[in-house]
Amino acid sequence: MSAVGGIAASPAIDRRAVISVLKRLRLPEGQSDPFPLYDELRAMGDVVPAPWGGYFVTGYDLCDEVLRGRNWLVPDVAWQQRQPDPGRWQSPATSEMSTKLSRLNSPHHTAHRRSLGNPFDRRTLTAMGPQVESHVERLLGDLEQSLDLHGTADLATTVSERLPLATIGSWLAIPESDHPHLLDITHRQVFAQELLPSKDQLQVSAGATLQLRAYFTDLVRRRRARPGTDLVSDLIRYWDAQHPDDRATADEIVYDLTMFLTIASLETTATLLSVAVWLLLAEPGRWQWLRDNPEHIGDAVEEALRYDPPVHLNSRVAAEDTELAGVPIARDAMVHVMYGAANHDPRRNPDPHRYDILRHGSHLAFGGGAHYCMGAGLARLEARTLLTRLLERLPGLRLDAPPAYAPRMVFRRVTSLKVTV
Ligand code: HEM
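Residues numbered from 1 in each chain as written. Predicted model: local features only at pLDDT ≥ 70, side-chain atom pairs only at ≥ 80, totals over all residues. Heavy atoms only, no water.

What is the right way to read the coordination of the iron atom of the ligand from this model?
Each donor-metal-donor angle in an ideal tetrahedron of four donors is 109.5 degrees, and each such angle in an ideal octahedron of six donors is either 90 or 180 degrees. When only protein atoms are considered, the iron atom of the ligand has one donor, Cys373 (SG), at a distance of 2.3 Å. Here Cys373 lies in the loop between α18 (339-343) and α19 (376-393). (Donors = N, O, S within 2.8 Å, 3.2 Å for Na, K, Ca; no water. Helix = DSSP H or I, 4+ residues; strand = E, 2+ residues; numbered from the N terminus.)

Quick question: what am I supposed to make of the pattern of salt bridges here?
All told, the structure shown has 34 salt bridges when counted by the stated rule. With its nearest N and O atoms 3.1 Å apart, the salt bridge here joins Glu96 to Arg213. Of the two residues, Glu96 is situated in helix α7 (residues 92-97) and Arg213 in helix α13 (residues 199-225); the sequence distance between them amounts to 117 residues. When its relative accessible area of 24% is taken as the criterion, Arg213 is described as partly exposed. Each of Glu96, Lys100, Arg213, Glu252 and Asp256 takes part in a single network of salt bridges with overlapping partners. (Salt bridge = Lys/Arg side-chain N within 4 Å of Asp/Glu carboxyl O. Buried < 20%, exposed > 50% of the residue type's maximum accessible area, 1.4 Å probe, protein only.)

Honestly, empty space enclosed by the protein in this entry has me stumped. Any pointers?
One water molecule sets the probe size; rolling that probe over the atoms shows where empty space is left. Counted by the stated rule, this structure contains three cavities of 30 Å³ or more. Leu25, Gly30, Gln31, Pro34, Tyr38, His312, Arg408, Met409 and Arg412 together form the lining of the largest cavity. Partitioning the lining of the largest cavity into residue classes produces four nonpolar, three polar and two charged. Roughly 40 Å³ of internal volume is contained in the second largest cavity. Along the walls of the second largest cavity sit Ala156, Ser160, Glu161, His187, Glu267, Ala270, Thr271, Ser274, Arg413 and Val414, which together make up its complete lining. Among the elements of the structure, α10 (155-160) and α15 (247-282) are those that each provide at least two residues to the lining of the second largest cavity. A class-by-class count of the residues in the lining of the second largest cavity yields three nonpolar, four polar and three charged. (1 Å grid on protein atoms, 1.4 Å probe; cavity = no way out; pocket = protein on both sides within 12 Å on 5 of 7 lines; lining within 4 Å. Points joined across faces, edges and corners; volume = space filled by probe spheres on them. Nonpolar A, V, L, I, M, F, W, Y, C, P; charged D, E, K, R; others polar.)

Got a minute to help me understand the sheet that holds strand β12 (residues 418-420) in this structure?
Sheet strands pair via backbone hydrogen bonds, and the direction of the pair is either parallel or antiparallel. Pairing in this open sheet of three strands is antiparallel, and the strands run β4-β12-β9 from one edge to the other. Each edge of the open sheet carries a strand with a single partner, namely β4 (153-154) and β9 (398-399). Pairing between β4 and β12: two bridges, direction antiparallel. The residue bridging Asp154 from the neighbouring strand is Lys418, located in β12. (Pairing = 2+ DSSP bridges.)

What is the right way to read the nonpolar core from this model?
The tendency in soluble globular proteins is for nonpolar side chains to be buried side by side. With 123 residues, the main nonpolar core has Phe56, Leu143, Phe216, Leu324, Ile329 and Leu390 as its most contacted residues. For this core, the element with the most residues is α15, which contributes 18 residues. Beyond its immediate sequence surroundings of up to four residues, Leu324 is in contact with Val47, Val57, Leu62, Glu65, Val66, Trp72, Ile329 and Val335. (Core = buried A, V, L, I, M, F, W, Y, C linked by side-chain atoms within 4.5 Å. Contact = heavy atoms within 4.5 Å.)

Mind showing me how you'd approach the layout of surface pockets here?
In this structure, the second largest pocket spans a volume of roughly 290 Å³. Taken together, 18 residues line the second largest pocket, and the ones lying closest to its centre are Gly69, Arg70, Trp72, Leu73 and Ala370. Breaking the lining of the second largest pocket down by element, the ones donating at least two residues are α4 (60-68), β3 (72-73) and α8 (108-116). The element that contributes the greatest number of residues to the lining of the second largest pocket is α4, accounting for three residues. When grouped by side-chain class, the residues that make up the lining of the second largest pocket number seven nonpolar, eight polar and three charged.

Please explain the side chain of His112 as it appears in this structure.
Tracing the backbone shows His112 in helix α8. Residue His112 is classed as buried on the basis of its relative accessible area of 8%. If near-sequence neighbours (up to four positions away) are discounted, His112 is found in contact with Leu101, Leu104, Trp239, Ile253 and Leu257.

Sorry if this is basic, but what is going on with the site of the ligand here?
Around the ligand lies a shell of 29 residues, among which His109, Arg113, Arg316, His371 and Cys373 are the nearest. Note that an oxygen atom of the ligand is positioned 2.7 Å from one of the side-chain N or O atoms of Arg113. Between an oxygen atom of the ligand and a side-chain N or O atom of Arg316, the distance comes to 2.9 Å. When residues of the shell around the ligand are traced back to their parent elements, those giving at least two are α8, α15 and β5 (314-318). It is α15 that contributes the most residues to the shell around the ligand, seven residues altogether. (Near = heavy atom within 4 Å. Polar contact = N/O pair within 3.5 Å; in protein donor to acceptor, adjacent residues only side chain to side chain.)

So this is what it looks like as structure tokens:
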């Protein structure tokens, strides 16, 4: 890296070197530890041309600037329609996602977000606390049972994947019997949001997206028939008032919002939970240290979010011709904001590959600007609650095997985390 303390742009980047990094990121070693590869990419510059067009933004300050800047938009339907590759953007899975919050720009984005208010303000989170605790107790009971029976247990599938579903399920009043079905569909849907999905992956994703549509439109229909005090019923009332003569539009928006809230909350939080536990067990003494210093559980969660954020990459497009670190960027060009690389930028977080509970570093795990994650408070609550009770209930917890990851570049997923006592 040529400019510590400044922003570096390299004018002559070897395309083959970029392709080599991307290939290695897809290998199992790249999945389990992508950070040295991000260093390689950042060493080429803060703005690195992607082989397929567009740019990777690798440095913290520049990622932050793009996320907050008014001249950067999310790639919405209007942008997609201007692209020369209609197959990529018009596949059912992708086009279905283009009406969701994260793919809307103002004014639609503002209107949809306003209807949700601040769903996890301090008061709501305090009220949700006991419920999250009871989900944690139940799931830790299952974990202990598996440990008793087999001497080993998979924390990822027994606890991490199920806690976010139980939490969001209670909030949206989704019957527990539907949880396994929902978990399965969300894992298959995510491919459409990956960086370069294959045709096969887009097909799998398309099938899952249709299932999600079927599930959530039916949920809205049932809730309209028997309204309650849950979020879906509140949203129906809100959007009926906005469209008094057009129930179909109101229903469609409520579907968009509830479906997206659900998928946005599941894998992301599950990954945080598994990664936070893994990082604490990865080095001898850390688990015990945190047990002795539980006032730092919140710090441990923040450092896990910095060290290995559940989302590693997100995209924005230029609203007009512009420049980033001296690199000219044409209107509509796409930039990939690399949260994982940004969090490991040594200019922002010195000695970045060290997990340091007392670091109090900066991170972009929840994005930034107008699209900042709406569920950050809830995810933090779940992680703090799980760690608190795990440390109390299983003081002798140890790793039985290193974590296994799904081959992804955007949404991290720990498929298994074997633990023992
Ligand atoms: C550790 C867990 C989570 C992580 C790391 C995470 C991360 C993110 C990121 C990176 C974004 C994009 C921000 C941007 O474009 O600048 C986002 C958006 C969003 N997240 Fe989360 N998220 C998590 C959990 C949740 C939960 C639990 C919910 C809801 C219950 C949620 C709801 C949303 C929504 C609705 C958006 C779209 C906001 C918008 O576009 O205006 N997330 N999240």
